[in-house]
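# Topology and contacts: notes
The lines below spell out each chain.
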Amino acid sequence: MYYSHSKKDEFDKVFGSKELKTHIRGVLEKSLFHLSTDLDLGYSNEELKELLQIIVEFHDLGKYTSFFQNYLLGKEPLDLLLKRHAQIGGFAAYNLLKEIDEKKALLALYIIFLHHSQLIDLLQIRNKLGNNLMRIIGKQQEDLRKAINIIEEDLSRKRLVGIINYSEESKINKGFKHWAKLNPSIQDYFLINYLFSLLIEADKLDASDTKPYSLKSINPSSVDERFGNPNSENPNLRSMTNDELRNYCRKVVVSHLENDSILDQYIFTLTAPTGIGKTMTALDFALKLKSKIKQKQNIEPRIIYALPFINIIEQALNEYKSTLPEDIHILGHYQYADIFGEEKNFQNDDGAEINYNQKLMALDTWQADIVITSFVQFFETLIGNRNKLLKKFNHFANSIIILDEVQTLRLDQMPLLGAVLFYLSKFLKSRIVLMTATRPKIFELAEQEILKNEKQQVNPKELLTTYEAVFSLFKRTSIYPLLDVLTTEKEKRVEEFVELIFSEKWAKEKSCLIVCNTVNLSIELHQGIAAFLEKNECKNPLYYLSTNIVPTHRFSRIEDVKEDIRQKNAPILIATQVVEAGVDLDFDMGFRDVGPIDSIIQVAGRINRNNDKTRNFSPLYIMDFNEKTTKMVYGRLSYDQAIKSLSSQPSFTEPEYLKLINEYFDGISGKSSFAKSRNFFASMKTLKYDSDDAKNDCAVSAFRIIEQTDRYSPVFVEIDGEATKAKNNYLHKIKNEISKEEFDKKWKLKFEQRIISVPKYLCDELKNINEFEENILLVPKEEIKGTYSLSTGFERNQEKTNTAFIL
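A brief structural summary. (Residues numbered from 1 in each chain as written. Predicted model: local features only at pLDDT ≥ 70, side-chain atom pairs only at ≥ 80, totals over all residues. Heavy atoms only, no water.)

## Observations regarding the sheet that holds strand β11 (residues 512–515)
The condition that has to hold: Strand pairing is defined by DSSP finding a minimum of two bridges between the two strands. Numbering of helices and strands runs from the N terminus, with a helix taken as a DSSP run of H or I at least four residues long and a strand as a DSSP run of E at least two residues long. In what follows, a contact means two residues having at least one pair of non-hydrogen atoms within 4.5 Å. In this analysis, axes come from line fits to C-alpha atoms, helices being fitted only over the stretch in contact, and the angle between any two N-to-C directions falls in the range 0 to 180 degrees.
Taken together, seven strands build an open sheet; the order of strands is β12-β13-β11-β14-β15-β10-β16 and the sheet is mixed. Here the strands that pair on one side only, and so sit at the sheet edges, are β12 (542–545) and β16 (652–653). Here strand β14 (residues 589–593) pairs with strand β15 (residues 618–623) via four bridges, running parallel. The partner of Phe-591 across the bridge, within β15, is Tyr-621. Docked against the sheet, helix α24 (residues 597–604) engages β10 (477–482), β11, β14 and β15, running at close to 145° with respect to β15.

## Focus on the sheet that holds strand β5 (residues 330–333)
In sheet architecture, strand pairing relies on hydrogen bonds along the backbone and comes in two forms, parallel and antiparallel. If you walk across this open sheet you meet the seven strands as β5-β6-β4-β7-β8-β3-β9, and the pairing is parallel. Each having just a single partner strand, β5 and β9 (461–462) make up the two edges of the open sheet.

## Description of a negative patch on the surface
Test applied: Patches here are clusters of residues that have more than 30% relative accessible area and form no salt bridge, with a 9 Å joining cutoff for like charges and a 5 Å cutoff for nonpolar side chains (Val, Leu, Ile, Met, Phe, Trp, Tyr). Each accessible area value is a Shrake-Rupley result obtained with a 1.4 Å probe; residue values ignore everything except the protein chains displayed when judging cover. Criterion for a salt bridge: a side-chain nitrogen of Lys or Arg within 4 Å of a carboxyl oxygen of Asp or Glu. In this tally, Lys and Arg are treated as positive and Asp and Glu as negative; His is ignored, and so are the chain termini. Here the site of a charge means NZ on Lys, CZ on Arg, CG on Asp, or CD on Glu. Residue exposure (1.4 Å probe, protein chains only): buried if accessible area is under 20% of the type maximum, exposed if over 50%, otherwise partly exposed.
Taken together, the side chains of Asp-764, Glu-765, Glu-782 and Glu-783 present a region of like negative charge at the surface. Within the fold, Glu-782 resides in the loop between β20 (773–779) and β21 (788–789). On the basis of relative accessible area, Glu-782 is assigned to the exposed category, the value being 61%.

## A word on the packing of helix α1 (residues 20–34) against helix α10 (residues 186–207)
What counts, and what does not: To sort the angles, those under 35 degrees are grouped as roughly parallel, those over 145 as roughly antiparallel, those from 65 to 115 as roughly perpendicular, and the leftovers as oblique. Crossing handedness: left-handed means the near helix sits turned counterclockwise from the far one by under a right angle, and right-handed means the same turn made clockwise. Ten residue types, Ala, Val, Leu, Ile, Met, Phe, Trp, Tyr, Cys and Pro, are classed as nonpolar, four, Asp, Glu, Lys and Arg, as charged, and the remainder, Gly among them, as polar.
It is the contact of α1 with α10, at a shortest axis distance of 8 Å, that shows an interaxial angle of 130°. Relative to α10, the element α1 is oriented oblique. Handedness of the crossing formed by α1 with α10: right-handed. Listed contacts from α10 to Thr-22, His-23, Gly-26, Val-27, Lys-30, Ser-31 and His-34 of α1 are Tyr-194, Leu-198, Leu-199, Glu-201, Ala-202, Asp-203, Leu-205, Asp-206 and Ala-207. Partitioned by chemical class, the residues of the contact of α1 with α10 number seven nonpolar, five polar and four charged.

As structure tokens, this is what we get:
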């Protein structure tokens, strides 16, 4: 009997828990279950299927050795070198294929070699072939001959003796060198990641006995049933109510599906003002497109909805759950995803709840009809080499992908992301919808910087074809640049702003939003406004919102602000960029520190959001508090171009925002350097997944959607009784006094929602949460006073502050 996995019984005795032949067949079944058809990966459906079958059948060949079986079952003799199982399977697959198709042979060897690790540069495979590997394979080959009849029966293959051997190292190295240097292709990146994903996902699903999820059809009229059928007529737009305008926009968008040629289009944009209902419009389009694809092509697409920020992910989850039938599995996959709060999404067909490891696996591999996830999860799976993330890469194939708030993507990354999204649609047949109110030039920059050199052209289809007319209807807000009114030295500008600008523009019956570029400025402004309100005996509620306060307070604070707005208590919110996208707040007026024009327009979207005609052209005033810190946060080019754009007129009404944003993007795009985008794309094309060169910061493995920094430390704030319990149970977990499952089920969410990132220069006096945990620092409950403010979060000694930090 040969086993693939083992467990311990109640007496701590090891036993074989799954037969090896059962595991191989299970992996094959699950990988073929997820294999999509009609992809453009350089091989036919049948060729891909045959290649995948060979990779799967040989990936665990080395587990048939007595060396691995002894290791698995805890028997002697034990040899940690000879128990390794991936390489001999890679050689067998290579030997089987090398005379038929050398590229397939190299591909199979590469994937099998690495199926328990990260993907590496093709040229680094030579490092995997040395280290006495010939001797190891020779001994494994000799050992496997004793079981060759069983192996041939289990794999349903004959004459395996001739291929289970070490292959000529120089020939393999030469093959990989030729592939990487003389014949690189971006198509091969998608081919490798796709096949690798199919193998590792199926391997882990079978090892955990997690059943692959069968995608369901979803009622294409779900949005209509909640909000009503959009009006099919073309009435006078200017006479519409807000709800009628939302329905009109939805009607225009879904009307494209009446033409069957829509199935030949794979990239879409949806441009619409904030507050117009893009979330439900995109869902309506996706559901009807999904139904049409099923009807015409017999494919059941998965819907993937990606957003930049956690708070709007949770908001979107609630909207989707309120709209779709209860039997539809919707997964939220992001930092605070709670698998224990979504029991109906983690059940077997008979309704029985699956175990903890199966829940984690189902979450990590997107076993659901609809996945709502973060940009980090989405883009770092799409551009990456990490085994943990690539498990779900194959689920991009034939999916409908909605990317919301895409203006939040970094400008320097836009050419890369536009090009990769284009190739995702080309090779894996994903249909992509980019939603935004500010039309960033993602695909234009992709063509300009990357695609034209590849002789490719991208032609996205705008779904709201009347977006310019729709934008022209809105008179909700106006932008008033007050760039030169603060004239005192930087240290006194908050005082000058409060006494001369805020006191003049604001009235106590008006709710107000003030957005700052840095934490330090936001705290200083909060203090200044608080003093002003007290001095003038104003009862307006004053709130503060930034990543300087623990997440659990951020979520509740947004709800408190909403309620005060509903109750017409005219609250004032001092915030940082965390309110710029997706937060459903509606203020009477606002102020914003100067920044990129798209960010300014996003803040305008939190003012008169619900289009109250009695508040037409509600003002957003743009201030220039500190040129130096703004340039540190956004860069000199963004600052200079924003100043230039804003200085062109005394004010801008909402119908002029499109023109303003286009002029800004044209100016900044023409002067920006996109070398990193081009270099990352070159790494993908030449399959440089990783690099030994520390200077190469553009290997695929180095890509991050959010720029990494080592200037911050995670700090746990023991802010309340729940924090104390969460901290104590965290310590119990890392001491193995409670299981990870128990901690995750009862305490993980509470623990993570009390962690903030703090600049390291403010953390000198903080200690680690305990000696076992070197990364997380602690503000204990007895030291809260003087270290953490319930109003504004972590205390920042202004005398020590000499650097601006973005939130």
